[in-house]
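The lines below spell out each chain.
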Amino acid sequence: MPTTRTTLTTTLKKLVGPADEFSIESRIFHVICLISVLVALITIPFDFYIGIPELALIMTGIFTSGLAVFYISRYKRNLPLAVILFGLLSNMAFLVNYTQNSGFYGPNLTMFLLSLLLIIAVAPQRQYWLWIPLNVTTVVGLLILEYHYPEIAPYTYQSEAGRYIDLGFSYIIIGGLIVLAIIYIRHSFHQQETALLK
């Protein structure tokens, strides 16, 4: 009888796609999409709990968009389009999240950094000229705007405790996502290296 871990591993391998059909970049992208979708799903009830239902709506949009981008790459086999959509949608989602989640008083700075990391992990190197300046310009621009016009990102937390819970929860989720992505990337490269040596 298969164990839960075996079942999860088998399911993940099926969702990510077989190595003989998908490039390592495609499989890494699929994992990142799946993790992002899972994080969005987990975050929806949490946002209701801390009293910011608007964020739950944003996370529902991220969940749906993540599934769509995953589908485009995995089942329509169009990784280039999926990566571009992922980059654009994640930047837009974090921009909207910024306006609804207390600007840089919330966890948005780390979210933009996560967005940059994930996009750079999956985008072709020739697209770095787009994604890095877009991310950095957005963050620096928002920092300047928020400094001069703090009303662009109203404080939305119901309490100071809610803010600290959100910051802690976001750190755990973002850190976990980074760790999982790096573990999968390293594992994939080690598997590919081992296969080449045989």
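Heads up: the structure comes first, above all this text.
This structure is a prediction, so every number in the text was calculated from the model and none was measured.

Quick notes on unusual backbone geometry
- For R77, which is not glycine, the phi torsion reads 55° and is therefore positive.
- Tracing the backbone through its elements, the reader meets R77 in the loop between helix 3 (53-74) and helix 4 (79-100).

Observations concerning the side chain of D47
- Along the chain, D47 turns up in helix 2 (residues 24-49).
- This buried residue, D47, is left without a salt bridge; R163 holds the nearest opposite charge, at 14 Å.
- When neighbours within four sequence positions are excluded, D47 is seen to be in contact with I52, P53, L55, A56 and M59.

Focus: the environment of L113
- Relative to the elements of secondary structure, L113 occurs in helix 5 (residues 108-122).
- Sequence separation between L113 and L142 is 29 residues; the distance between their C-alpha atoms is 14 Å.

Brief notes about the packing of aromatic side chains
- Summed over the entire model, instances satisfying the criterion amount to eight aromatic pairs.
- Seen in terms of ring centroids, Y71 and Y75 are 5.8 Å apart; in terms of plane orientation they differ by 35°. Their pairing is tilted.
- Here Y75 falls in the partly exposed class, since its relative accessible area comes to 43%.
- Their ring planes at 65° and their centres at 5.6 Å tell us that Y155 and Y157 sit as a pair that is edge-to-face.
- When its relative accessible area of 41% is taken as the criterion, Y155 is described as partly exposed.
- For Y157, a relative accessible area of 6% gives the class buried.
- Taken together through their ring pairs, the aromatic side chains of F70, Y71 and Y75 make up a single cluster.

Quick word on the side chain of E146
- Inspection of the secondary structure assignment puts E146 in helix 6 (residues 128-148).
- The residues touching E146, leaving out its near neighbours within four places in the chain, are Y98, S102, G103, F104, Y105, I152 and A153.

Structural notes on a nonpolar patch on the surface
- Where nonpolar side chains cluster on the molecular surface, the patch consists of I84, L88, W129, L130 and L134 and spans about 460 Å² of accessible area.
- At the level of elements, helix 4 and helix 6 are the ones that each hand at least two residues to the nonpolar patch.
- With three residues, the single largest contributor to the nonpolar patch is helix 6.
- Here L88 lies in helix 4.
- We classify L88 as partly exposed; its relative accessible area is 41%.

Concerning the packing of helix 2 against helix 3
- Remark: helix 2 packs on helix 3, axes separated minimally by 8 Å, with the N-to-C direction vectors making an angle of 160°. One way to sum up the angle between helix 2 and helix 3 is to call them roughly antiparallel. Considering only the axes of helix 2 and helix 3, their crossing is left-handed.

Observations concerning the pattern of salt bridges
- Enumeration according to the criterion identifies two salt bridges in this entry.
- A salt bridge links E21 to R77; its shortest N-O distance comes to 2.8 Å. Taken as a pair, E21 in the loop between helix 1 (4-16) and helix 2 and R77 in the loop between helix 3 and helix 4 lie far apart in primary sequence, 56 residues in all.
- Overall, the relative accessible area of 46% leaves E21 in the partly exposed class.
- Between E160 and R163 there is a salt bridge; the shortest N-O distance is 3.4 Å. Taken together, the positions of E160 and R163, both in helix 7 (residues 160-197) and three residues apart, correspond to about one turn of that helix.
- On the accessibility criterion, R163 (15% relative accessible area) is buried.

What counts, and at which threshold
- Residues numbered from 1 in each chain as written.
- Predicted model: local features only at pLDDT ≥ 70, side-chain atom pairs only at ≥ 80, totals over all residues.
- Heavy atoms only, no water.
- Helix = DSSP H or I, 4+ residues; strand = E, 2+ residues; numbered from the N terminus.
- Buried < 20%, exposed > 50% of the residue type's maximum accessible area, 1.4 Å probe, protein only.
- Lys, Arg positive; Asp, Glu negative; His and termini not counted.
- Salt bridge = Lys/Arg side-chain N within 4 Å of Asp/Glu carboxyl O.
- Contact = heavy atoms within 4.5 Å.
- Phe/Tyr/Trp six-rings, centres within 6.5 Å; stacked < 30°, edge-to-face > 60°.
- Patch = residues over 30% accessible without salt bridge, like charges linked within 9 Å, V, L, I, M, F, W, Y side chains within 5 Å.
- Areas by Shrake-Rupley, 256 points an atom, 1.4 Å probe, with all protein chains shown as cover.
- Axes fitted to C-alpha atoms, helices over the stretch in contact; angles between N-to-C directions.
- Parallel < 35°, antiparallel > 145°, perpendicular 65-115°, else oblique.
- Left-handed = near helix turned anticlockwise from the far one by under 90°.

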